[in-house]
Amino acid sequence: MQTNFTPEQLKDSATASSEKILRTCVHCGFCTATCPTYLLLGDELDSPRGRIYLIKDMLESGKPASPEVVKHIDRCLSCLSCMTTCPSGVHYMHLVDHARSYIEATYHRPWHDRLLRGLLARILPYPNRFRFAMGAAILAKPFKGLIGALPGVGNRLQAMIDLAPAHVPARTPLDQPGTFKAEGERRGRVAILSGCAQPVLKPGFNEAAIRLLNRHGVDVVQPKGEGCCGALVHHMGREEQGHAFAKQNIDAWIAEMDGEGLDAIIITASGCGTTIKDYGFMFRDDPAYAEKAARVSAIAKDITEYALTLDLAPPVRETDLVVAYHSACSMQHGQAIRTEPKTLLKKAGFTVKDVPEGHICCGSAGTYNLLQPEIAGQLRARKVANIERTKPDLIATGNIGCMTQIGKGTDIPIVHTVELLDWATGGPMPETLEKAGFQSRLSGPLTIAAE
């Protein structure tokens, strides 16, 4: 793609980076075949190729973002399926992130957009605030019809209430920094991301990861000062806030890396993993953080990536359960992790089925299902229908957002991949399966697998 930026414009690092990305695009249109919003809406401007043209014109003109540009960029899920499809290697993620920060800096949104986006940015990244908000949403459930009728904000507030769980899990010891020691001879030492929303909604995910790692000789540390990775606000265009969260984590992890040392930084939410692996790019021009950010990104690993290096013990549970594996967009497109989770689940004794149209987003996408509930709802229905076609006993995935989104559309139990790996190698049955009565569904008592 030919570009027309001025030498003055290209002095800006973000613009120079976007210019290189734009020049990579050859207009082939392969991306339109795998873009969820184009498949649903059929509008070229709601495809990656169309958005690339809009972003190019916006950045070259140097003018404030227009309502039309904002509408179509807001509709983008950042699922990154287009990056997997693109034969030219267009790094759409960096381009659309730049567009969102430009929109945030130049566009004056309507009051209801400012209200909701500000609310999300001030609540979601902070576990204590998020816990309080979840309690309020639960209390508001009986009134969601009235709330949904509010002008401007009703449909999105109702979506927030709908996605709230029936109850908020109690706090766990993981709410505090600490070290969880390996069983037997130590084989490694890792840090684990605590995050923001996940420890409130599903603290059991990290608990399962820690049990699994400890059982296989790995010390796990949750460093002091670590928290939200910054992804939620970063992808809303709030670059300064996102970078501030990232810096806190970088400082916490570097202290451990330069102290007792770390073999890896483990992430159990793939959306966070995609962003943390991008810290090196995000801070490329920051003299104080460029090197530290690159060091952090270099050892960031999804739990399944790291678990595959451990040669996990043979399963101690016999099961004939059929698992539909939902690969989160941030896992398969953002991090190019496609086979590792399925390989681990098969080795653990589960029958694993791929989901038809598995490359198409479920509609979660960070805050997308809260800000674009209608499109997100259509994508959820499509995803659930494809999952149910496989007739699984349960669903496994590696991202809290996907789990929340899909779980609202089906009665099939959905669990984190690491919960199944922990259970298969000696840990407790995942709480979700226990509540669904899976203990009685297994054929006879659980037995030790033959060596």
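Residues numbered from 1 in each chain as written. Predicted model: local features only at pLDDT ≥ 70, side-chain atom pairs only at ≥ 80, totals over all residues. Heavy atoms only, no water.

1. What to know about the side chain of Ser364
Operational definition: Numbering goes from the N terminus for both helices and strands, where a helix is a DSSP run of H or I of at least four residues and a strand is a run of E of at least two. The rule is simple: take the accessible area with a 1.4 Å probe, protein chains only, and divide by the maximum for that residue type; under 20% is buried, over 50% is exposed, in between is partly exposed. Only heavy atoms matter for contacts: two residues are in contact if any of them lie within 4.5 Å across the pair.
Its location among the elements puts Ser364 in the loop between strand E7 (351-354) and helix H21 (368-371). Of the residues examined, Ser364 reaches a relative accessible area of 2% and is grouped as buried. Ignoring anything within four residues of it in the chain, the contact list for Ser364 reads Asn369, Gly401, Cys402 and Gln405.

2. Regarding helix H12 (residues 204-215)
Selection criterion: Expected helix span is taken as 1.5 Å per residue step, with the number of steps being one fewer than the number of residues.
Helix length check: H12 (12 residues) gives 16 Å between terminal C-alpha atoms against 16 Å at 1.5 Å per residue, within 8%. Listing the buried residues of H12 in full gives Phe205, Asn206, Ala208, Ala209, Ile210, Leu212, Leu213 and Asn214. Directly beyond the C-terminal end of H12, a positive phi value near 80° is found at Gly217.

3. Concerning the nonpolar core
The line we're drawing: Among the buried residues, those of types Ala, Val, Leu, Ile, Met, Phe, Trp, Tyr and Cys that are joined through side-chain atoms within 4.5 Å form a nonpolar core.
Residues Leu213, Ile276, Tyr279, Val296, Leu345, Phe350 and Leu420 are the most contacted members of the largest nonpolar core, which totals 97 residues. Once residues within four sequence positions are removed from consideration, Leu420 is found in contact with Val323, Leu345, Phe350, Leu394, Ala396, Val415, Pro430 and Leu433. In this structure, Ile21, Met58, Val69 and Val90 belong to the second largest nonpolar core, which totals 28 residues.

4. Comments concerning the sheet that holds strand E1 (residues 178-180)
To keep it simple, the criterion reads: Two strands form a pair only when DSSP identifies at least two bridges running between them. Fitted lines through C-alpha atoms give the axes, limited to the stretch in contact for helices. The angle between two N-to-C directions lies from 0 to 180 degrees.
Ordered by their spatial adjacency, 5 strands build an open sheet running E1-E3-E2-E4-E5, and the pairing between neighbours is mixed. Bordering the open sheet on either side are E1 and strand E5 (300-302), each of which pairs with just one other strand. This sheet shows a mean twist of 30° between the axes of neighbouring strands, independent of strand direction. One ladder, built from 3 bridges, connects strand E4 (residues 264-267) with E5; its direction is parallel. The partner of Ile266 across the bridge, within E5, is Lys301. Each of E4 and E5 is contacted by helix H17 (residues 290-299), which is oriented at about 25° to E5, the strand it contacts most.

5. A look at the packing of aromatic side chains
Put simply, the rule is: Each Phe, Tyr or Trp ring (for Trp, its six-membered ring) is paired with any other whose centre lies within 6.5 Å, and the angle between the two planes then decides the class: stacked below 30 degrees, edge-to-face above 60, tilted in between. Note on geometry: a ring has a charge over it if NZ (lysine) or CZ (arginine) is within 6 Å of the ring centre and within 35 degrees of the ring normal.
Overall, the coordinates contain 4 aromatic pairs when judged by the stated rule. With 5.9 Å between their ring centres and 40° between their planes, Phe283 and Tyr289 make a pair best called tilted. Taken individually, Phe283 and Tyr289 each receive the classification buried, so the pair is uniform in this respect. The interplanar angle of 40° and the centroid separation of 6.2 Å between the aromatic rings of Phe350 and Trp423 together place this pair among those described as tilted. Of this pair, Phe350 sits in the loop between helix H20 (340-347) and E7 while Trp423 sits in helix H24 (residues 417-424), placing them 73 residues apart in sequence. Of the residues examined, Phe350 reaches a relative accessible area of 5% and is grouped as buried. Linked through ring pairs, Tyr279, Phe283 and Tyr289 together constitute an aromatic cluster. Across the ring face of Phe281, the terminal group of Arg284 is positioned such that the distance to the ring centre comes to 3.9 Å.

No statement about biological role is implied by the geometric values presented.
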